[in-house]
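# Structural description and commentary
Each chain, written out:
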There are 2 protein chains.
Amino acid sequence: MNTPRTASLAVPNYGFLRRLFLLLLLFVFSLGLRAQVITSPDKNLTLTFKLDDNGAPVYQLSYKKKPVIKTSRLGLETKDAGSFMEDFTVVDTKQTSVDDTWNPVWGEQKTIRNNYNELLVTLAQEEPNDRLMRVRFRLFNDGLGFRYEFPKQENLKYFIVKEENTEFNLTGNHKIFWIPGDYDTNEYAYTTSKISEIPQLIEKATHDVHAQQPIKTSLAVQTPSMMKSDDGLYINIHEAALVNYPAMQLNVDEKNFKMSAHLTPDAVGNKGYLQTDAHTPWRTVVVSDKATDILASKLILNLNEPTAYEDVSWIKPIKYIGVWWEYFVAGKSTWAYGTETNVKLGDDFNKLTPSGRHGATTENVKKYIDFAAENGFDAVLVEGWNVGWEDWFGNWKEEVFDFVTPYPDFNVKELQRYAAEKGVKVMMHHETSGSATNYERRLDEAFQFMKDNGYNAVKTGYVGKIIPRGEHHDGQSMVNHYIHVAKEAADYQIMVNSHEAVRPTGLHRTYPNWLAQESARGTEFESMGGLAPDHTTILPFTRMMGGPMDYTPGIFQTDLSYYGTGSNQRVNTTLVKQLAYYVTMYSPLQMAADMPENYKRFPDAFQFIKDVAVDWDETHILEAEPGDYVTIARKAKNKNEWYVGGVSDENPRTATINFDYLPKGKNYIATIYADGKDASYDKNPQSYTVRKVLVNSKSQLKQRLASSGGVAISVKEGTKEEMKGLKKI
Amino acid sequence: MNTPRTASLAVPNYGFLRRLFLLLLLFVFSLGLRAQVITSPDKNLTLTFKLDDNGAPVYQLSYKKKPVIKTSRLGLETKDAGSFMEDFTVVDTKQTSVDDTWNPVWGEQKTIRNNYNELLVTLAQEEPNDRLMRVRFRLFNDGLGFRYEFPKQENLKYFIVKEENTEFNLTGNHKIFWIPGDYDTNEYAYTTSKISEIPQLIEKATHDVHAQQPIKTSLAVQTPSMMKSDDGLYINIHEAALVNYPAMQLNVDEKNFKMSAHLTPDAVGNKGYLQTDAHTPWRTVVVSDKATDILASKLILNLNEPTAYEDVSWIKPIKYIGVWWEYFVAGKSTWAYGTETNVKLGDDFNKLTPSGRHGATTENVKKYIDFAAENGFDAVLVEGWNVGWEDWFGNWKEEVFDFVTPYPDFNVKELQRYAAEKGVKVMMHHETSGSATNYERRLDEAFQFMKDNGYNAVKTGYVGKIIPRGEHHDGQSMVNHYIHVAKEAADYQIMVNSHEAVRPTGLHRTYPNWLAQESARGTEFESMGGLAPDHTTILPFTRMMGGPMDYTPGIFQTDLSYYGTGSNQRVNTTLVKQLAYYVTMYSPLQMAADMPENYKRFPDAFQFIKDVAVDWDETHILEAEPGDYVTIARKAKNKNEWYVGGVSDENPRTATINFDYLPKGKNYIATIYADGKDASYDKNPQSYTVRKVLVNSKSQLKQRLASSGGVAISVKEGTKEEMKGLKKI
């Protein structure tokens, strides 16, 4: 018979002996109603766990003696195995401490410290249930992680989650940066409000997004959920290591300021199929009285598993351009080759009527390859290369793409040869149209095709309602799908950039070839109504808490009426703010999203994009306030180069930029890309200055940022010659 | 812009011109209300099509001037594109005739005649719908097939079927052989009743079957639906070429004797996603006043597409034994290796606690290989060879099996070597536990494993609720899955025998490596309550109308108390009836399902199983009455050997067996395996005689069959020596 494999306490499985043993335990410990308390290594955070009078597990969290999470319930309900909510006794508790470091394959810093105190509580329900559940808490200096664990045991093998009822009972009517709860998309604009205002704002906040499935059964928002209390506490709720479980959203009780878990259901309404030995993802609460600490937190990464890959030498950050933005703005090209609007795999695509506007032609891609090679980019993304784009969208159609058949005017072999000659990679694009079944069916063939043709990275897409029909982008089934794709890709030494997938939870630690994700409203929306000026001051505190975003910055031509297509859209930033994104919007995969012709018009500004690193030794969050501004400095990986980026919301401001992270006693050349005096995102976005100054570790720069403006700085070593005549600040 | 690709009549797509054209058509043809009539080549059947006063398409079918299907409606409702039920005008009709022959890769006869008259009706709805639907009727001498076709057209690209409303308006209260409508299983026992009696019998008929999903929204039965009218007409309703569409069941209006299509829904309740150019499967009505004609019908095969495989030389019928029946009856062995009841892929299965009862051990399989080699069998099926059987069942678990990892006591390489040395194949077993997603994900690897290890055939299984969850065994998604598996298997030159899949519709013509299916209550149920004595006199008229069944006959030890396991179960046939099945239950894949030790006890009877062919030049249905008896003679493929099988229900009877299909003027040796005089299925099943006689084309044999008994005859050429002394009949 099975014994619980991970049990720290061997509990006999049967009948009388078991009952006697449990009674003894109760007597010895009388733990049931006594609180268990742990503190963070720096003592700032305190976590209290206890059972209430009904044997229900509850916890509290405080920061510097101020409550963060008031007494909140833990547990979950199942469909087929009753409730894990109450009638528990504590049969064991165990405290451990960990303080070590590890080095990510790539990241914001070379070394990450993993320092926490852990409390593992083993809870038992007596007969008729007669079974165990554990709660594991890890308290870091930057916050709390906890998860439920269900060890192997005689009376619990398989169960179906009806709902997880984890509560986050907040202390007041916090300010919150939120998007509405939705099972299928994260691509909403953020709303900033008080918790109590969510009900009156939710309808407007739930604006149209393709293939959306807003939560209708309760008032709910998505995680990562960023909040700020009236007394200046920053609180971020999310999850870490989302594997084999549905994504968590948060029900909102706007009267009592209480949030509770809301899992994404599957096609039949179930919320997770578990087999013991099992555990949930970690529920995370990052807390500080400094906003910069929130952005600096590595708690979510620390709660993920180390990578299982033995060889990670082939995994490299990527700076890339792509045949992409021209589809959105220039009006000159499209993904589709033919003018037909009803095609099927198996059709002879050579017989389609060419529109003459197909973007992914051999000739056009060669121009991008040339530009990439000339300017030091690693890769060129090409969307629209493969057959099926004529009617790929919105039909809940299972077999849209086959991932291996190019359009007649896209010569895979020739482009492979050409790109290799120029030292550039072509980046693959696998749009699935939401049909995971079709993609999985063809995955091996698709990846083999990539290997055979020299591709080493793929952008995946999940636009549309999911197939298997009834499943959601954020459900357990799809959560497992994305991971399956990342693992399969690793077998072929392929890196993955997934769009429209479930938002990240730090899994890039475990699967470092999963370089980045979209999972939020990115630059493409600048061509479809525009992003709010504060959008990118919120994203680092929300979506990006889970992992890197393929935000696709670098738009220089922000006024889209420029293209003469009749569009009066505009990108709601200054040109310099777009530069700053390469530092403020962390990703090991950074696109220069604008078209080559626009970069050629602004070569001095473009120099920053050419220079900026995509992997880092150190990161310093200099200033930050969600919804207002973010200023970050980073040291390039294995180089004595630093890059600083700062962004503002709609309000102009003056950033205070310190350089105390520079080695002491040495001057460096700082090239400062700044908004022009007359710059503003809406009137004069392309007004900028580029100046060089000398800086050292004692320097401080006060730099004005325009309305939705930015600042970008490169800091490099220079020869005496180069430094001559430069002013020191 | 698209023009309808297959349109026989070019209809301008737009506005005024179109309307004018339609008016002209109406005027010219005044077809709208005039009936279209075609007859079968032999004039026995008449099909009438017309539009009623509401522009609703209706049809009638008569046989020898007697109505078979009274005026019945055609059409379907969509979820997103309105109704295809009425408001039609006839814009074109076209009649064609075909009379040709084709040769199946394997089958009941070497050559099949395809002879029909066709009526293709093109119907149009005017604006606002402004679109076309076609109905294609093919009238054979043995019945009717028709389907809906939706050509490419401007106003119809994608649509979702809400329900197909095809009616079969019967002429009276027929006798019907039925199982209850169910989206997930066909493994019910048959009920024989009047149509009017179905309501009072349906509850009992819907007995427990694992993972069943009985239809609750209406009174429904499954197809193939076999009926007999009071005036002696035999009517069989089914479908042909079920591809990319859900399986059809039949709603029953027991008061008006009307049946109508009931499609299997998907996870969200939809009943088919179609993209023009599209068509439904064929709806089939096989009709005759002779029951033997029903069994002889090749209508369903004729309505399927010819095979798309270029090379079919590797596809061969198979006679096999297996490590299988001992799991059901002997109480000595099991599929699972360990005693644990909670295992996962990735566990170290070497560390399980061996039960000592694992059946698929290298040693045990070698014994089967020896027996197969000694007795001329092609293959040995081995179930339970791969890890995961400890808790494979009933947990709606996605990843139960990986299809490539053997248990520690099953040596794949050694068995491959041993079997090859003996000229025998080991047959693969892929139980999916209903998890199609897991199977598709691993399919290539699983088939590659088979190729690498010398397997050329696989038995697939779908026991349990389907994953993707919410989908059904008989829904569009799974229909496509089974075909996908068959096609992928063909890429690896692998033959497929699917169990618990949707019942067949003649697709083995198109995919001849899909040798057989289960999709009904087969021999395994003889160990779980037993099959009714008339079960196998009904199956040929129902389930087997669609294609071969892996019924797994050949049980010699029918009283299961023999094994001393405490079971009082019994197989409800005589031993000889089991022999007869090799002829009456047609399949190119025939198992000798009993254990070798039982065959060794009855070597004279076993000789018939060793001799009998599994592929045929000719088939002659000598006698048949659904629910009562079936007698069939077949000529072995490319051999001057004939095999005759006859079975009876619970009533003893005397079969009349003619030999007029033998070449004239020559005597042959007939070996007659007959029930003993005192034989009966329940008292004395193992009483039998084997005798040799001479027969020629003028011979006639009156042979008594016991209660649930049978007769089996082999007819071979003999030398003078061999014929000497044999009595001629």
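Residues numbered from 1 in each chain as written. Chains lettered and ligands numbered in written order. Predicted model: local features only at pLDDT ≥ 70, side-chain atom pairs only at ≥ 80, totals over all residues. Heavy atoms only, no water.

Once that is clear, we can look at the sheet that holds strand β25 (residues 425-431) of chain A. Residues and elements named next belong to chain A. If you trace the 7 strands from one edge of the open sheet to the other, you get β28-β27-β26-β25-β24-β23-β29, paired in parallel fashion. The sheet terminates laterally at β28 (514-517) and β29 (589-591), the two strands that pair on one side only. Looking at each pair of strands side by side, their axes are set apart by 30 degrees on average, direction ignored. (Pairing = 2+ DSSP bridges. Helix = DSSP H or I, 4+ residues; strand = E, 2+ residues; numbered from the N terminus. Axes fitted to C-alpha atoms, helices over the stretch in contact; angles between N-to-C directions.)

With omega at -5 degrees, the peptide bond leading from T223(A) into P224(A) counts as cis. Mapped onto the elements of the fold, P224(A) is located in the loop between β15 (220-221) and β16 (225-228). In this model, I467(B) is joined to P468(B) through a cis peptide bond whose omega is 20 degrees. Among the structural elements, P468(B) can be located in the loop between β26 (457-461) and α9 (476-491). Of note in this structure, F403(B) is not a glycine but carries a positive phi near 70 degrees. Structurally, F403(B) can be placed in the loop between β24 (379-382) and α7 (412-422).

The next thing to look at is the relation of the copies chain B and chain A. Note that the two copies of the chain are related through a rotation about an axis and a translation along the same axis. Note on the copies: chain B fits chain A at an RMSD of 0.0 Å, the axial shift is 0.0 Å, and the rotation between them is 180 degrees. Both copies of the chain, as the preceding transformation shows, are related through a two-fold rotation axis. Most of the interface of chain B is mirrored in chain A: 97% of its interface residues are interface residues there too. (Least-squares fit on C-alpha atoms with pLDDT ≥ 70 in both. Contact = heavy atoms within 4.5 Å.)

With that settled, consider the sheet that holds strand β20 (residues 273-275) of chain A. The strands that make up a sheet are held in pairs by hydrogen bonds between backbone atoms, and each pair lies either parallel or antiparallel. Residue and element names in this part refer to chain A. Sheet architecture is open: 4 strands sit in the order β6-β5-β11-β20, paired in antiparallel fashion. This sheet does not close on itself; its edge strands, each paired only once, are β6 (83-84) and β20. Where strand β5 (residues 76-78) meets strand β11 (residues 158-164), 3 bridges bridge the pair, whose relative direction is antiparallel. When the bridges of β11 are listed, L76 appears paired with E164.

Taken together, the 32 residues of chain B in the interface contact 32 residues of chain A. The junction of chain B with chain A conceals about 3100 Å² of combined surface from both sides, 44% of it contributed by carbon and sulfur atoms. The interface formed by chain B and chain A holds 2 salt bridges in total. E440(B) is the salt-bridge partner of R441(A), the closest N and O atoms lying 2.5 Å from each other. Between chain B and chain A we count 24 residue pairs in polar contact (both at pLDDT 80 or more) in total. Contributions of two or more residues to the side of chain B that touches chain A are made by β20 (273-275) and α8 (436-452) of chain B. (Buried area = accessible area lost by both parts, 1.4 Å probe. Salt bridge = Lys/Arg side-chain N within 4 Å of Asp/Glu carboxyl O. Polar contact = N/O pair within 3.5 Å; in protein donor to acceptor, adjacent residues only side chain to side chain.)

Residue and element names in this part refer to chain B. Looking at the secondary structure, you find R653 in strand β33 (residues 653-658). Here the side chain of R653 touches E623 through a polar contact of 3.1 Å, side chain to side chain. If sequence neighbours within four positions are ignored, R653 has contacts with E623, Y629, T631, S648, Q703, R704 and L705.

Turning our attention to the domain arrangement of chain A. All names here are of chain A. Here chain A is partitioned into domain 1 (31-302) and domain 2 (318-723). Spacing between the C-alpha centres of domain 1 and domain 2 amounts to 31 Å. Counting from both sides, the interface comprises 56 residues of domain 1 and, opposite them, 65 residues of domain 2. Run the count over domain 1 and domain 2 and you get 3 salt bridges. Notably, a salt bridge pairs E625 with K228, separated by 2.8 Å at the nearest N-O pair. Elements that contribute at least two residues to the side of domain 1 that touches domain 2 include exactly β16, β17 (234-240), β18 (248-253), β20, α3 (291-296) and α4 (299-302). (Domains from an automatic or database assignment.)

Now for helix α7 (residues 412-421) of chain A. Residue and element names in this part refer to chain A. Residues V412, L415, Y418 and A419 constitute the buried set of α7. Along α7, the residues classed as buried sweep out an arc of 130 degrees about the axis, all on the same side. Residues K413, A420 and E421 are exposed on α7 and point more than 90 degrees away from its buried face. Where α7 is buried, its residues contact α6 (362-375), β25 and α8 (436-452). With a side-chain oxygen lying 3.2 Å from the backbone nitrogen of K413, the N-terminal cap of α7 falls on N411. Of the residues trailing α7, G423 is marked for its positive phi of about 70 degrees. (Buried < 20%, exposed > 50% of the residue type's maximum accessible area, 1.4 Å probe, protein only. Arc of directions from axis to C-beta.)

Two faces, one strand: in a regular strand the side chains alternate between the faces of the sheet. Residue and element names in this part refer to chain A. With respect to burial, strand β3 (residues 57-63) is a largely interior element, 6 of its 7 residues being buried. Relative to β3, strand β2 (residues 45-51) is paired through 7 bridges, and the arrangement is antiparallel. By the bridge assignment, T48 is partnered in β3 with Q60. The hairpin formed by β2 and β3 contains 5 residues between the paired strands, and G55 there has a positive phi angle of roughly 75 degrees. Sheet topology note: the β3/strand β4 (residues 66-73) ladder contains 5 bridges and is antiparallel. Along β4, the bridge assignment pairs L61 with I69. Here β3 folds back onto β4 in antiparallel fashion, the turn holding 2 residues, of which K64 has a positive phi close to 50 degrees.

Attention now moves to the environment of T631(B). Residues and elements named next belong to chain B. Mapping T631 onto the fold places it in strand β31 (residues 629-636). Separated by 540 residues in the primary sequence, T631 and V91 have C-alpha atoms spaced 48 Å apart. In contact with T631, other than residues within four places in its own chain, are H620, I621, L622, E623, V644, G645, G646, R653, A655 and I657.

This next bit is on the packing of α8(A) against helix α9 (residues 476-491) of chain A. Packed helix pairs are specified by the crossing angle of their axes together with the interaxial distance, meaning the distance between the axes. All names here are of chain A. Orientation of α8 relative to α9, taken along the N-to-C sense of each, is 5 degrees, at an axis distance of 11 Å. Viewed along their axes, α8 and α9 adopt a mutual orientation that is roughly parallel. Contacts from A436, Y439, E440, L443, D444 and F447 in α8 reach M478, H481, H484, V485, E488 and A489 in α9. Of the residues contributing to the contact of α8 with α9, the split by class is 7 nonpolar, 2 polar and 3 charged. (Parallel < 35°, antiparallel > 145°, perpendicular 65-115°, else oblique. Nonpolar A, V, L, I, M, F, W, Y, C, P; charged D, E, K, R; others polar.)

Let's shift gears to the environment of T584(B). All names here are of chain B. Among the secondary structure elements, T584 is positioned in helix α11 (residues 575-584). Each C-alpha atom, one on T584 and one on G645, is 5.7 Å from the other, the two residues being 61 residues apart in sequence. Those residues in contact with T584, other than ones at most four positions away along the chain, are P540, V630, I632, R634, G645, G646 and V647.

This part is about the packing of α11(B) against helix α13 (residues 603-611) of chain B. Residue and element names in this part refer to chain B. Close contact between α11 and α13 brings their axes to 10 Å; oriented N to C, the two are set at 10 degrees. Looking at the two axes, α11 sits roughly parallel to α13. Residues L575, L579, Y582 and V583 of α11 touch α13, and the partners they reach there are A605, F608 and I609. Partitioned by chemical class, the residues of the contact of α11 with α13 number 7 nonpolar, no polar and no charged.

Quick look at the packing of aromatic side chains now. The geometry of an aromatic ring pair is captured by the separation of the ring centres together with the interplanar angle, meaning the angle of the planes. All names here are of chain A. The full count for this structure, using the stated rule, is 84 aromatic pairs over all chains. With 5.8 Å between their ring centres and 55 degrees between their planes, F49 and F137 make a pair best called tilted. Here the residue F49 occupies a position in strand β2, and F137 occupies one in strand β9 (residues 131-140), the gap between them amounting to 88 residues. On the basis of relative accessibility, which here comes to 0%, the residue F137 falls in the buried class. (Phe/Tyr/Trp six-rings, centres within 6.5 Å; stacked < 30°, edge-to-face > 60°.)

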